[in-house]
Amino acid sequence: MNDKPALSVLDRPNSYIGRSVPRPDAKRLLQGRGTFIDDKKLPRMAHVAFARSPHAHAEILSIGTDAAKASAGVIAVVTGEEMKAVCTPWVGVLSHLQGLKSQPQYPLAVGKACWQGEPVVAVVAASRAEAEDAADKLVIEWRELEPVTDMETALAPETPVIHADLGDNLAWKREFSAGDVDEGFAAPDAAVVEETFLFGRHTGVTLEPRAILSDYDPAEEQLTVYHAHQAPHMMQGIFASHFGIEEHKVRVICEDVGGSFGIKVHTYPDEMATVALSIMLRRPVKFIADRLESFTTDIHARDHKITARMAVARDGRILAIEMDDLTGIGPFSVYPRTSGIEANQIVNLTGAQYTNQNYRARATVVFQNKTPMCQYRAVGHPIATAVTEGLLDSAAAAIGMDAIEIRRRNLVPDDAYPCKAPTGLSFEKLSHHASLNRLVEMMDYDGLRREQARLRAAGVHRGIGIATFVELTNPSAMFYGVGGARISAQDGCTLRLDARGNVFCSTGVTEQGQGAEAVIAQVAATAVGVPLERIKMITGDTDNVPYGGGTWASRGAGIGGEAAAQAGHALRRNILEVAGVILQARPESLDVRGGAVVDMADGRERIGLDEIGRIAYFRADTLPKDFQSELMVTRHYVPKEFPFAFTNGVQASLVEVDTDTGFVTLLRHWAVEDCGTVINPQLVDEQIRGGIVQGIGAALFEHCLYDERGQLLNGTMADYLVPMSAEMPDIEVAHMESPTKDSELGAKGAGEAGTAGAPAAVLNAINDALRPLGATVNAHPATPEAILRALGKV
Amino acid sequence: MASEIEIKLKVNGEPVSARVEARLSLVDFLREKLHLTGSHVGCEHGVCGACTVRLDGEIVRGCLTLAAQADGAEVTSIEGASDSGEIADLQAAFHERNALQCGFCTPAMLLSADALLKRQPAPSREEIRLWLSGNYCRCTGYHAIVDAVASVAEARRNNSV
């Protein structure tokens, strides 16, 4: 069968591609009618609370459960040893991150606890309050062990080894070298700059905490898990593997998810424990993390110390880049995506927007007794970008060149594609120069520079920061599948015409608020030829949607959208087959437009889709005996030509620094983003804006602070600062469009670009303000204290 | 110490009588006992604002208010404010402007924005930003929310002239 449509989805009449239609699924959220996990109640449902390790590293000597078991409302008290019988341990490694190692991990700590907050004992009761009351009555005897908290000494011989079986605290190491780095640094006219960058640990702070409601029916041997998660099929496979249940007897349902950002795409011990409890107790068990549990057990991100240097020629050309990354990932590599990916991305992406090919990098990934670290929005990108762009600004200052000019001299030319980064990453088509030109124009760069000079003379310290970057989106199987993880890179879409001419659309992509349902509905409506309101979306249910990866790595629109386009073409062709039989016309002479079959040539309506549905479903007797209508189709898509569809972007930040208090005021922020075909401009803009503000959070506020014993010091929303509306700037967004030819739709991802570029833009702006004062800040977050220290004022 | 307390109140216009634990928060009461799940629990210590409801006309933190404190009061949650149509313009503006993503903060954001506009019909963008700082949103970056609230402020002013 020929799957190539006469017209591409981009050329269809009445197209929704490129239109800012509102999200159809948003109305219920506006009326308080969403369904988040904690809104669900099931018959016989019980609640679990966890006793967690108060220590970063400690041996469990004994667990006294008598008083807890006797507490009001208690149904069960379960320890790690007892839970081992129903859940096999997991190990977060991938074969393509060669040498990455980790320790088997259990739902509840067995023998010893490795971070403050690790779940140790589960208490199930009739209410959460009663479960917490009982957990307080547990008597756990601990022997404190020396915690490994400082990543810089994690590999020192005198430092204790966290997992004796692993031999040392080294999780993974990667070294990379391309071109002639030494020659670059030794060039006679080279200006060499070197900086040490610190990226503090931060976390996602999804407003809806992690949540799971697990129900086990022993009669059917059926496990049903309502999960606040981004990847239902991945979790279906994991539950099946570790609880010994056939995969088709595991159903994972993700309804409304209250923010995810990568926090809700991992395997968490307390969530695995909740599933184990529902199996052990043969009834539904609910776990909702409270905010302290979120801070101590949601994955953390970043925590890198990077020393890097760059050589530039006097004409501004980058001659070489060298980078050494040290990162601490907590006591385990997180399953199944591993905690090696961020360091790997930093190695891959540093300097990747520039033509320089002389590049050397080293990444050292160590274990420590802190909350496990794993992939969070823009994985590695904010760090690679901050390092690259921070070095480049220092280099520009060293040779007396303007920040825009030095970028123009180094960015890969817009006509140089396809091409490769030094690390071998392929770039199909990017628009760095056009994007930078657009940015310069929209922000009135020259005007701002003049204003900056004028204000500087008046003692006002304003800074302008620029950050260019590439972003990895639409990952193929080269990201996880190749390393042995059962994480789908492909995604599917099923379309079904109902008997009244409406279209049911189910997709493996999940909705976390980003608007995936809206953009996939737009693509499907366009490809079939029906008004948007005739589409009903079904997502987040492994029993009822095509197999797919879900939502991560900016893949929903590009991969899920393309599957919807192809399914839409196929359904339209099948509709036209039916119409052709009814109308005694050639299907090629007909089209579907506005919810009706029309003449291709003049658009004259021939028959409504409701009539097609009526005849196909109720009066098939009127159709020829050798004809069978097929009004339900499924198509899948996975990127094939390129392992990743890279996007590019550039951001600018304008800040004012109060040199007496160290406070930074964000005045404006601009972004130009090229994510290929834009399906819904408003949704893309809001993804960019939301991503930028999360990046600003990392740049200025967010930091998980620990003491030397591995105790988290700021595990409340009052102490851990996230961006509030008053301190955020208005953000202006513009687009370039370089579609990927890997798909007909041409869409790339947009969900992480904001976060990728914002920290670099903000730090560069702060340093631009501080430069005349001889100060530099390379610590994220750049707190008032860090700025005053850089100024030598404290 | 009495661990349970009898309360009588009006919730979204309907009379409610209940016997509640003294420690039960108002938002847990609404969610667990009355199944009004539109008010959300984000931090349980009064910072994120996701539990915002109206108590006798003023917005309060549902997690810092005890159910027992609502005895004799009139409580309005998002369900009541939505069904009465009184914030329909804000809901429409949020929808049109995509001033929500995951929607977890949204019911409280709407009640908070409505309280601002009742107090101050012509707020500047800065004043909107300052007022809404008691309601965290992790998805939108706030820009679209400020746009939506500003547009409703203008429309309400024009309609009242």
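Everything discussed here concerns the structure shown above.
Conventions used here
Residues numbered from 1 in each chain as written. Chains lettered and ligands numbered in written order. Predicted model: local features only at pLDDT ≥ 70, side-chain atom pairs only at ≥ 80, totals over all residues. Helix = DSSP H or I, 4+ residues; strand = E, 2+ residues; numbered from the N terminus. Rg over C-alpha atoms; globule rule 2.2 N^0.38 Å. Buried ≥ 20, exposed ≤ 12 C-beta atoms within 10 Å, placed from the backbone. Contact = placed C-beta atoms within 7 Å. Axes fitted to C-alpha atoms, helices over the stretch in contact; angles between N-to-C directions. Parallel < 35°, antiparallel > 145°, perpendicular 65-115°, else oblique. Left-handed = near helix turned anticlockwise from the far one by under 90°. Nonpolar A, V, L, I, M, F, W, Y, C, P; charged D, E, K, R; others polar. Pairing = 2+ DSSP bridges. Core = buried A, V, L, I, M, F, W, Y, C linked by C-beta atoms within 7 Å. Expected span 1.5 Å × (residues − 1). Arc of directions from axis to C-beta.

Points about the overall build of chain A
Part 1 of the argument: Tallying secondary structure elements over chain A gives 19 helices and 29 strands in all.
Part 2 of the argument: Whereas a compact globule of 794 residues would reach a radius of gyration of roughly 28 Å, chain A reaches 28 Å, a difference of no more than 12%.
Part 3 of the argument: Burial statistics for chain A: of 794 residues in total, 61% are counted as buried.
Part 4 of the argument: Considering only intrachain contacts with a sequence separation of at least 6, the fraction spanning at least 24 residues in chain A is 80%.

Quick look at the packing of helix α10 (residues 381-399) of chain A against helix α18 (residues 753-770) of chain A
Residue and element names in this part refer to chain A.
Part 1 of the argument: Contact geometry of α10 with α18 gives a least axis separation of 7 Å together with a crossing angle of 30°. The angle between the axes of α10 and α18 places the two elements in the roughly parallel class. Crossing angle aside, the handedness with which α10 passes α18 is right-handed. Across the interface between the two elements, H381, P382, T385, A386, E389, G390 and D393 from α10 touch T755, A756, G757, P759, A760, L763, N764 and N767 from α18.
Part 2 of the argument: Partitioning the contact of α10 with α18 into residue classes produces six nonpolar, seven polar and two charged.

Observations concerning the interface of chain B and chain A
Interface size is often expressed as the accessible area that is lost when the parts come together.
Part 1 of the argument: At the junction of the two partners, chain B supplies 39 residues and chain A supplies 42 residues.
Part 2 of the argument: Sorting the residues of the side of chain B that touches chain A by element identifies α2 (78-83), α3 (88-97), α4 (106-119), α5 (125-131) and α6 (143-160) of chain B as the ones contributing at least two each.
Part 3 of the argument: Sort the elements by how many residues they give to the side of chain B that touches chain A and α3 of chain B lands first, with four residues.
Part 4 of the argument: Residues that form the side of chain B that touches chain A fall into these classes: 19 nonpolar, 15 polar and five charged.

Some words on the sheet that holds strand β24 (residues 605-608) of chain A
Residues and elements named next belong to chain A.
Part 1 of the argument: Here three strands make up an open sheet; going across it, the order is β22-β23-β24 and the pairing antiparallel. The two strands at the open ends of the sheet, each matched to only one other strand, are β22 (590-593) and β24. Geometrically, the sheet is characterised by an average inter-axis angle of 30° between neighbouring strands, direction not taken into account.
Part 2 of the argument: The pairing of strand β23 (residues 596-599) with β24 spans three bridges and is classified as antiparallel. Among the inter-strand pairings, V598 is bridged to a residue of β24, identified as E605.
Part 3 of the argument: Where helix α15 (residues 556-583) meets the sheet, it contacts β22, β23 and β24, and its direction lies at approximately 125° from that of β22.

Overview of the sheet that holds strand β27 (residues 664-674) of chain A
Residue and element names in this part refer to chain A.
Part 1 of the argument: The strand order across the open sheet built from four strands is β18-β26-β27-β28, with neighbouring strands paired in mixed fashion. One side of each edge strand has no neighbouring strand; the edge strands of this open sheet are β18 (461-473) and β28 (731-736). Strand-to-strand twist in this sheet, taken as the mean axis angle between neighbours without regard to direction, amounts to 15°.
Part 2 of the argument: Sitting on the sheet, helix α13 (residues 445-457) is in contact with β18 and β26 (645-657), with an inclination near 145° to β18.

Topic: the packing of α4 of chain B against α6 of chain B
Residues and elements named next belong to chain B.
Part 1 of the argument: As a packed pair, α4 and α6 sit with axes 11 Å apart at the nearest point and diverge in direction by 40°. On the basis of the axis angle, α4 is oblique to α6. Crossing angle aside, the handedness with which α4 passes α6 is right-handed. The segment α4 lies against α6, with M109, A113 and L117 engaging I145, V149, V152, A153 and R156.
Part 2 of the argument: Split by residue class, the contact of α4 with α6 holds seven nonpolar, no polar and one charged.

A look at the nonpolar core
All names here are of chain A.
Part 1 of the argument: Counting 310 residues, the largest nonpolar core has V123, V523, A524, I575 and I766 as the members making the most contacts within it.
Part 2 of the argument: Counting residues per element, this core draws most heavily on α15, at 13 residues.
Part 3 of the argument: Each residue touching A524, except ones within four places of it in the same chain, is listed here: C493, L495, V503, C505, I535, A564, A567 and G568.

Focus on the pairing of strand β6 (residues 139-144) of chain A
Residues and elements named next belong to chain A.
Part 1 of the argument: Of all six residues that make up β6, zero are buried, and the element is exposed over most of its length.
Part 2 of the argument: Inspection of the sheet shows strand β2 (residues 58-64) paired to β6 by six bridges, in the antiparallel sense. In the strand pairing of β6, E59 is matched with R143.

Some details on helix α12 (residues 432-443) of chain A
Residue and element names in this part refer to chain A.
Part 1 of the argument: Compared with an ideal rise of 1.5 Å per residue, which puts 12 residues at 16 Å, α12 spans 16 Å between its outermost C-alpha atoms and is within 8% of the ideal.
Part 2 of the argument: Among the residues of α12, H432, H433, S435, L436, L439, V440 and M443 are the ones counted as buried. When α12 is viewed along its axis, its buried side chains cluster within an angular range of 160° and face the same direction.
Part 3 of the argument: Those residues of α12 that are buried are in contact with α11 (403-408), α13, β18, β26, β27 and β28.
Part 4 of the argument: A positive phi of about 50° marks D444, the residue just after α12.

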